[in-house]
Amino acid sequence: MRRPIVISTIYTQEESGSALYRLNMPNSYLEENSRDFQFVNYTGFDKIATEGFYHTDIFVVSRVFDTRSIELVTETRNSLKQCNAQIVLDLDDYWVLNKAHVSYKHYKDNNLTNIIKENIRLADYVTCSTEYLASRAKEVNPNITVIKNTPYPNKFHQYIPVHKPASYTRFGWFGGAQHVEDIALMEEGMRKLCNDTSLNGKYTVTLAGYNDNDAYNYYQSVFSNRGRNPNYNRIPARSVYEYMYGYNEVDVTYAPVNMTEFNKSRSELKVVEAGWMGKTIIASNMNYYAEHIKHGENGFIVKHNDPMGWYKYTKQLILDPQMREGMAKNLQEYVLKNFCFQEIFCKKGNLYKKIYQDHQMQDRIPKLVQDGILEPKKT
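Anyway, here's the lowdown on the structure attached to this text. Bear in mind that the values here come from a model prediction, so they are computed numbers and not experimental data.

## Brief notes about the overall build of the protein chain
From N to C terminus, the protein chain includes 16 helices and 12 strands. Computed over the C-alpha atoms, the radius of gyration of the protein chain is 23 Å, within 12% of the 21 Å expected from 2.2 N^0.38 for a compact globule of 379 residues. Here the C-alpha coordinates of the protein chain stretch approximately 80 × 45 × 35 Å along the principal axes. Burial status across the protein chain gives 53% buried among its 379 residues. The contacts of the protein chain with a sequence gap of at least 6 include a subset with a gap of at least 24, amounting to 76%. Working note: accessible area of the protein chain is about 17,700 Å², and carbon and sulfur atoms make up 47% of it. Taken as two groups, the 46 positive and 43 negative side-chain charges of the protein chain have centres that lie 3 Å from each other.

Okay, structure coming up:
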């Protein structure tokens, strides 16, 4: 009987949404539903003992296997391949940042754009979340496979919706500290919403994931119109394994995205999360949103030259709860049909099998013994 394919997953950022969607959930599904794989998890390269290198057929790494220098990328890559394993690098973001991005200076000071690019170049295979990001990565490495982001609710119960009705319409934004330029798009619309006193008591605007830092305090200033909106509230930050519970406290989600080259490479995850949880969405006119949102049917698209769109569509959904409920139902049906976790996770499993077969990895350990790299097992 053939031994399972040993896949060692290296979590360079364990507590992140990218690790959850790109590594943790697919691995959990494949481990629970197939005997073809054995998964071993590491929180860093220093945790891999010698035996780990011998037994690993495929290393799967989130985004980078080294960030210290261009030279050390090669050194780390060679270390991972010392026993002829294959390396799959998973990308969920573009590696070139625009100047307004909160991490731009950090990237520039540490040469991270070029270092990440070198990681991509030296990986044997690359997986990423969208066709557009794949088109950029193919300029560096041709071995690209697109694997969409989708949740695995069977194990991660935060993705099971809990119906909590309210007598008013609840809007919410969920995100991290790197979205200052995105939230800025909503400032004018949120000011107009606050000043429309005819809507008082008919809605709430919720900032989810609040932390007391400059980014979230700016978000709070926008959504509350500098503390003037009595309909504003917030949800404290939760871990990546709990933040989706906040979706049960809202009816509509916001997805503002500034038009930059970096942002063009993001995914439709906000649509997936909203639809999965039975919500509708108001989103910026980015291709990865417009591809899935039928304007006025399962969500609203706000054009980049229409800053009042955030107010206009918010007000429309406040005043027409039947429209809101119908759009939410339509988006949920669309997402469940087009982001089936079984199909998406099996695509990743099939990639692992193909890598194993193409490189005749069933003979990898016997060859290591034959070449004197690995001691034969004693009987």
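There's more to say after this.
## A short note on the packing of aromatic side chains
Per the stated rule, a full pass over the model turns up 23 aromatic pairs. With centroids separated by 6.0 Å and ring planes inclined at 40°, the aromatic side chains of Phe37 and Phe39 adopt a geometry described as tilted. Here Phe37 and Phe39 have matching classes, each one buried. Lys148 extends its terminal NZ or CZ atom over the ring of Phe339, reaching a point 4.7 Å from the ring centre. One Lys or Arg, Arg234, reaches over the ring of Tyr210 and ends 3.9 Å from the middle of that ring.

## Details of unusual backbone geometry
A positive phi angle is found at Asn84, which is not glycine, with a value near 70°. When you line up the elements, Asn84 lands in the loop between α3 (70-80) and β4 (86-91). Backbone geometry at Asn225 places phi at a positive 50°, although glycine is not the residue there. A residue is classified by how much of its surface remains accessible, and Asn225, at 7% relative accessible area, is buried.

About the criteria used
Residues numbered from 1 in each chain as written. Predicted model: local features only at pLDDT ≥ 70, side-chain atom pairs only at ≥ 80, totals over all residues. Heavy atoms only, no water. Helix = DSSP H or I, 4+ residues; strand = E, 2+ residues; numbered from the N terminus. Rg over C-alpha atoms; globule rule 2.2 N^0.38 Å. Buried < 20%, exposed > 50% of the residue type's maximum accessible area, 1.4 Å probe, protein only. Contact = heavy atoms within 4.5 Å. Areas by Shrake-Rupley, 256 points an atom, 1.4 Å probe, with all protein chains shown as cover. Lys, Arg positive; Asp, Glu negative; His and termini not counted. Charge placed at Lys NZ, Arg CZ, Asp CG, Glu CD. Phe/Tyr/Trp six-rings, centres within 6.5 Å; stacked < 30°, edge-to-face > 60°. Lys NZ or Arg CZ within 6 Å of the ring centre and 35° of its normal.

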